[in-house]
Amino acid sequence: MDLRKVFSSSIGSKFLIALTGLFLLIFLVAHLAGNLLFIAGPDAFNEYSHKLVSNPLVYVAELGLLAIFALHIVKTVGLVVDSYAARPQRYAKRKWAKSKNDRSRKSVSSSTMILTGTITLLFVVTHLLTFKFGAYYETSAGIRDLYRLQLTVFSNPGYVAFYVVAMGVIVFHLWHGASSAAQSFGVNSPTWSPRLLWIGRGLAVIIGLGFAILPIYTFLLNTPPRGVISI
Ligand code: HEM
């Protein structure tokens, strides 16, 4: 069997998009768990991130993540280009799905997957410039003070709003991704398919809410309520 042919076919591409999407979801769960340590305070947060970046395996993990992210995008762009090539004349009028069983028509969310995916990509680039390649503060112990960076970034309400809106877009992308992935993995069993779908959607909401809480929490830490005197 020629694997290259399998993975360049439409079904193979959809499978790879779903598989890489699943890895990205796992990354997000781990990233959220690490970021929630922010609530535990500066020492816990900075020591955790220092341990992470000083492990030589982090470079392998980062390269792997980059490759998975790139494959997810390249395969999606390939599918879109192919579907346009197969249908050079666009329909004069779009028809939206009216019911769940109306599979021949486009659903609102599948049409916006490309848009929400592009916004997610732009968010990730901005996010890396802000945090990974952002200002370098140091703690008295001589390690990077990411806690201070996060406090500084989210003292700006514009950044907080940007993150909260971006998380809404990402939830939308993951929510729809869950149903495409459940179909692509071929688990159309009447008991498992809906369960997996709802596990995926549940994770989408948990990830979105978890990440949206952090900028708001950080902003509120910066601005204690009136009447409270911090020593
Ligand atoms: C409140 C939301 C978030 C906060 C506070 C946050 C915080 C951070 C911080 C502090 C880093 C730098 C880690 C380091 O250099 O040691 C980082 C890296 C990163 N973040 Fe986030 N993050 C958030 C949401 C997200 C989301 C939603 C995504 C993806 C859609 C994401 C993707 C990444 C990636 C890819 C890296 C680089 C990882 C690496 O190179 O090891 N983050 N984030």
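Refer to the structure above for everything that follows.
Cut-offs and rules
- Residues numbered from 1 in each chain as written.
- Predicted model: local features only at pLDDT ≥ 70, side-chain atom pairs only at ≥ 80, totals over all residues.
- Heavy atoms only, no water.
- Helix = DSSP H or I, 4+ residues; strand = E, 2+ residues; numbered from the N terminus.
- Contact = heavy atoms within 4.5 Å.
- Areas by Shrake-Rupley, 256 points an atom, 1.4 Å probe, with all protein chains shown as cover.
- Salt bridge = Lys/Arg side-chain N within 4 Å of Asp/Glu carboxyl O.
- Patch = residues over 30% accessible without salt bridge, like charges linked within 9 Å, V, L, I, M, F, W, Y side chains within 5 Å.
- Core = buried A, V, L, I, M, F, W, Y, C linked by side-chain atoms within 4.5 Å.
- Buried < 20%, exposed > 50% of the residue type's maximum accessible area, 1.4 Å probe, protein only.
- Near = heavy atom within 4 Å.
- Polar contact = N/O pair within 3.5 Å; in protein donor to acceptor, adjacent residues only side chain to side chain.
- Phe/Tyr/Trp six-rings, centres within 6.5 Å; stacked < 30°, edge-to-face > 60°.
- Expected span 1.5 Å × (residues − 1).

**A look at the overall build of the protein chain**
Here's step 1: Secondary structure assignment for the protein chain yields eight helices and zero strands.
Here's step 2: Intrachain contacts of the protein chain at a sequence separation of at least 6 include 69% that bridge at least 24 residues.
Here's step 3: For the protein chain, the exposed area adds up to about 15300 Å²; of that, 70% sits on carbon and sulfur atoms.

**Considering the pattern of salt bridges**
Here's step 1: Scanning all chains against the criterion turns up one salt bridge.
Here's step 2: Residue E62 is joined to K132 by a salt bridge in which the shortest nitrogen-to-oxygen separation is 2.9 Å. You can see E62 sitting in helix 4 (residues 57-86) and its partner K132 sitting in the loop between helix 5 (108-130) and helix 6 (146-153), a full 70 residues away along the chain.

**Regarding a nonpolar patch on the surface**
Here's step 1: A grouping of I73, V77, V81, L121, V125, L128, L129 and F133 is seen on the molecular surface, where their side chains present a nonpolar patch of about 690 Å² in accessible area.
Here's step 2: Only helix 4 and helix 5 provide two or more residues apiece to the nonpolar patch.
Here's step 3: It is helix 5 that contributes the most residues to the nonpolar patch, four residues altogether.
Here's step 4: Within the secondary structure layout, L121 lies in helix 5.

**Focus: the nonpolar core**
Here's step 1: Ranked by internal contacts, the top residues of the largest apolar core, which has 24 residues, are M167 and L174.
Here's step 2: Secondary-structure elements contributing two or more residues to this core are helix 2 (10-35), helix 6, helix 7 (157-184) and helix 8 (192-222).
Here's step 3: Looking at this core, the element that brings in the most residues is helix 7, giving six residues.
Here's step 4: If sequence neighbours within four positions are ignored, M167 has contacts with F123, G208, F211 and A212.

**Points about the site of the ligand**
Here's step 1: For the ligand, the set of nearby residues contains 20 residues, the closest of which are H31, N35, E62, H127 and F211.
Here's step 2: Measuring from a nitrogen atom of the ligand, one finds a side-chain N or O atom of N35 at 3.3 Å.
Here's step 3: Within the side chain of K132, a nitrogen or oxygen atom sits 3.3 Å from an oxygen atom of the ligand.
Here's step 4: Sorting the residues of the shell around the ligand by element identifies helix 2, helix 5, helix 6, helix 7 and helix 8 as the ones contributing at least two each.

**Overview of the packing of aromatic side chains**
Here's step 1: Evaluated as defined, the whole model comprises eleven aromatic pairs.
Here's step 2: Here F38 and Y147 contribute two aromatic rings whose centre-to-centre distance is 4.2 Å and whose plane-to-plane angle is 15°, an arrangement assigned as stacked. In this pair, F38 is assigned in the loop between helix 2 and helix 3 (42-53) and Y147 in helix 6, connecting sequence segments 109 residues apart.
Here's step 3: By relative accessible area, F38 is classed as buried at 0%.
Here's step 4: The exposure class assigned to Y147 is buried, which follows from its relative accessible area of 13%.
Here's step 5: A centroid spacing of 6.3 Å and a plane angle of 85° characterise the contact between F38 and Y217, whose relative ring orientation is edge-to-face.

**Quick word on helix 4**
Here's step 1: Over its 30 residues, helix 4 extends 43 Å from the first C-alpha to the last, a length consistent with the 44 Å expected when each residue adds 1.5 Å.
Here's step 2: Taken residue by residue, helix 4 has V58, H72 and K75 as its buried positions.

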